[in-house]
Amino acid sequence: MNKKILYIVPGYDPTYNDGVGNRVNSFVSAFESHGYEVTVAPLVWVKSWYRVWRRKGELRKSCKWLILPFYFSYDNLKYNLFIPLFRVLFWLYALVYRPSFILTDYAMGAYLVGLCRNKTKIIVNHRGDYIDEYAFSNGDIVEEHTLANMLKLLSYSVTIAHGSICVSEKLKNNIEFRTNKKLQKCYIFPCCPDIERFAKVEPVVSEDTIVGYFGGLNKWQCFSQVIEIAQRLSAVDSSIKLLILTNSDASSYRKDLEKLGKGNYIIKSVPYKDMPNEIARMDVSFALREERDLNFVSSPTKIGESLAAGVPVVVTEASGDYIEQVRHKVNGYVLKNFQYSDKTIKDLSDYIRHVKANRKEISTLSKSSVENRKWRLHAEAFISMIETII
């Protein structure tokens, strides 16, 4: 068997350390441990491509990189020349290199490799409800022809896939409902922490009380609400400081952050390898989501990573599959929604004080809560499934 894999990730910027990047790195590690040679093809938005290409020397050395400029809009697929160009490009790649299989994210990625179906096996990674994600990003205004295009791509991705991944059973049901088709050979692969990365991490205790956020600053990650809660907590407890670990541009939030007061927040860009130790500086972290489909069917990586680092996590009831990991006021705090009262903020503040006073014990408890949610265990089962297909 030719143990080569092409892994296509539309819209992925490999210079950022976020949930997508962590998941890509973890997939690559799992495949490499089984003897596969991996080529990662991030389809980088045109405006960012040259910056990413210039930094290619900083990327992971164990795999190959095929960094490609890309642009598409769901509004107009018919006249986007990138799409037929990439469909032919990936067909030629499959013809020449004969990968064992192509793993591709999103329905768009599936469409781009559709011509390869007779050359190799195609595994489609459904990371979320991208239709509701698009609606959310566009003020819930979606033109009829745009929705039709998205549903067409989603239906096509189900049709051509030899196997699929969904991050939750709810997402699988969501896709089958939208397309009226059954996903074949679908593996439920939640966003697990790569626990080995966190194995040697110990809690870092400081005089200040550190509440934190790590990851990208996309709209659905509710960073504005994180800032608001941090402000209200600091009004109750003056020792509260907000630590933000992100490679995203936070300038649009600067005005709100300044309301916390000078020296009461820190923004840091952290390399992938250093992230576990930086997360461990937090007393609690945030993984907030608002009530809508894209969140209910999700599996936020940062919940498991926070717990793996020994840090309890503050979530909302819409934070994906949080219920499988977080117990209220034990290894985290569950907010019902964003209409939190003064009483709720006081109760959360009391919980954070409790965490601070029992940091070591709660760190151990948090880590133990994700021991059975190991990336490695799911990766083994997933690769076994793929090898029955190829």
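Residues numbered from 1 in each chain as written. Predicted model: local features only at pLDDT ≥ 70, side-chain atom pairs only at ≥ 80, totals over all residues. Heavy atoms only, no water.

A word on the pattern of salt bridges
Throughout the structure, instances matching the rule amount to 27 salt bridges. Taken together, the shared-partner salt bridges in this structure form one network comprising Asp237, Lys346, Asp350 and Arg353. (Salt bridge = Lys/Arg side-chain N within 4 Å of Asp/Glu carboxyl O.)

A word on empty space enclosed by the protein
Gaps left between atoms show up when a probe the size of a water molecule is rolled over them. Under the criterion given, the structure shown has two cavities of 30 Å³ or more. Taken as a whole, the largest cavity holds about 40 Å³ of empty space. What lines the largest cavity is a set of 10 residues, and nearest its centre among them are Asn22, Arg23, Ser26, Cys192 and Thr301. Of all elements in the fold, only helix H1 (19-33) and helix H13 (301-308) reach the threshold of two or more residues within the lining of the largest cavity. Per-element tally for the lining of the largest cavity: the top contributor is H1, with four residues. Taken together, the residues of the lining of the largest cavity break down into three nonpolar, four polar and three charged. (1 Å grid on protein atoms, 1.4 Å probe; cavity = no way out; pocket = protein on both sides within 12 Å on 5 of 7 lines; lining within 4 Å. Points joined across faces, edges and corners; volume = space filled by probe spheres on them. Helix = DSSP H or I, 4+ residues; strand = E, 2+ residues; numbered from the N terminus. Nonpolar A, V, L, I, M, F, W, Y, C, P; charged D, E, K, R; others polar.)

Comments concerning the confidence of the model for the chain
Of all residues in the chain, 99% have pLDDT values of 70 or greater, and the mean over the chain is 93. Predicted confidence in the chain is weakest over helix H8 (residues 195-198), with a mean pLDDT of 86, and strongest over strand E12 (residues 284-287), with 98. (pLDDT = per-residue confidence, 0-100.)

A word on the side chain of Arg289
Positionally, Arg289 belongs in the loop between E12 and helix H12 (293-296). One buried charged residue, Arg289, remains without a salt bridge, the closest side chain of opposite sign being Asp321 at 9.5 Å. Other than its neighbours up to four places away in sequence, Arg289 contacts Trp220, Gln221, Cys222, Asn295, Pro300, Lys302, Thr316, Ala318, Ser319 and Phe338. (Buried < 20%, exposed > 50% of the residue type's maximum accessible area, 1.4 Å probe, protein only. Lys, Arg positive; Asp, Glu negative; His and termini not counted. Contact = heavy atoms within 4.5 Å.)

Examining the packing of aromatic side chains
Any two aromatic rings considered together are summarised by their centre-to-centre distance and by the angle between their planes. A full pass over the atoms with the stated rule returns 31 aromatic pairs. Ring centres of Phe31 and Phe101 lie 5.7 Å apart, and the angle between their planes is 70°; this geometry places the pair in the edge-to-face category. Here the residue Phe31 occupies a position in helix H1, and Phe101 occupies one in strand E5 (residues 101-105), the gap between them amounting to 70 residues. Residue classification places Phe31 among the buried residues on the basis of a relative accessible area of 1%. (Phe/Tyr/Trp six-rings, centres within 6.5 Å; stacked < 30°, edge-to-face > 60°.)

A look at the nonpolar core
Counting 39 residues, the largest nonpolar core has Ile8, Leu43, Phe90, Met108, Leu112 and Tyr130 as its most contacted members. Dropping the residues within four chain positions of it, Leu43 is found in contact with Ile8, Val9, Pro10, Gly11, Tyr12, Leu68, Phe70, Phe86, Phe90 and Leu112. Tyr213, Ile229, Phe286 and Leu348 belong to the second largest nonpolar core, which has 32 residues in total. (Core = buried A, V, L, I, M, F, W, Y, C linked by side-chain atoms within 4.5 Å.)

Section: unusual backbone geometry
If you check the backbone angles, Cys222 has positive phi at about 55° while not being a glycine. Looking at where Cys222 falls in the secondary structure, it is placed in the loop between strand E9 (209-214) and helix H9 (223-236). Phi at Lys329 takes a positive value of approximately 60°, unusual for a residue other than glycine. Tracing the backbone through its elements, the reader meets Lys329 in the loop between strand E13 (313-316) and strand E14 (332-335). According to the relative accessible area criterion, Lys329 is partly exposed, its value standing at 39%.

What to know about the sheet that holds E9
If you walk across this open sheet you meet the six strands as E11-E10-E9-E12-E13-E14, and the pairing is parallel. The open sheet has two edge strands, strand E11 (265-268) and E14, and neither has a second partner. Taken over all neighbouring pairs, the strand axes of this sheet differ in orientation by 20° on average, direction set aside. Where H9 meets the sheet, its contacts fall on E9, strand E10 (240-245), E12 and E14, and the angle it forms with E10 comes to roughly 160°. (Pairing = 2+ DSSP bridges. Axes fitted to C-alpha atoms, helices over the stretch in contact; angles between N-to-C directions.)

Topic: the environment of Asp342
Checked against the element boundaries, Asp342 lands in helix H14 (residues 342-357). Its relative accessible area of 60% is what places Asp342 among the exposed residues. Spatially, the C-alpha atom of Asp342 lies 8.5 Å from that of Arg232, the residues being 110 residues apart in sequence.

Structural notes on the state of the cysteines
For the coordinates displayed, the defined rule picks out zero disulfides. Just so you know, Cys222 is unpaired, no disulfide at all, and the nearest cysteine sulfur is the one on Cys191, 16 Å from it. Looking at Cys222, the relative accessible area reads 3%, which means it is buried. (Disulfide = S-S within 2.5 Å.)

A short note on helix H5 (residues 130-137)
By the criterion of burial, H5 is predominantly enclosed, with six of the eight residues buried. Turning to H5, its buried residues are Tyr130, Ile131, Asp132, Tyr134, Ala135 and Phe136. By the N-cap criterion, in which a side-chain oxygen at the helix start approaches the backbone nitrogen of a residue two or three places on, H5 is capped by Asp129, the distance to Ile131 being 3.2 Å. Where H5 ends, the next residue or the one after it, Gly139, has phi of about 65°, a positive value. (Polar contact = N/O pair within 3.5 Å; in protein donor to acceptor, adjacent residues only side chain to side chain.)

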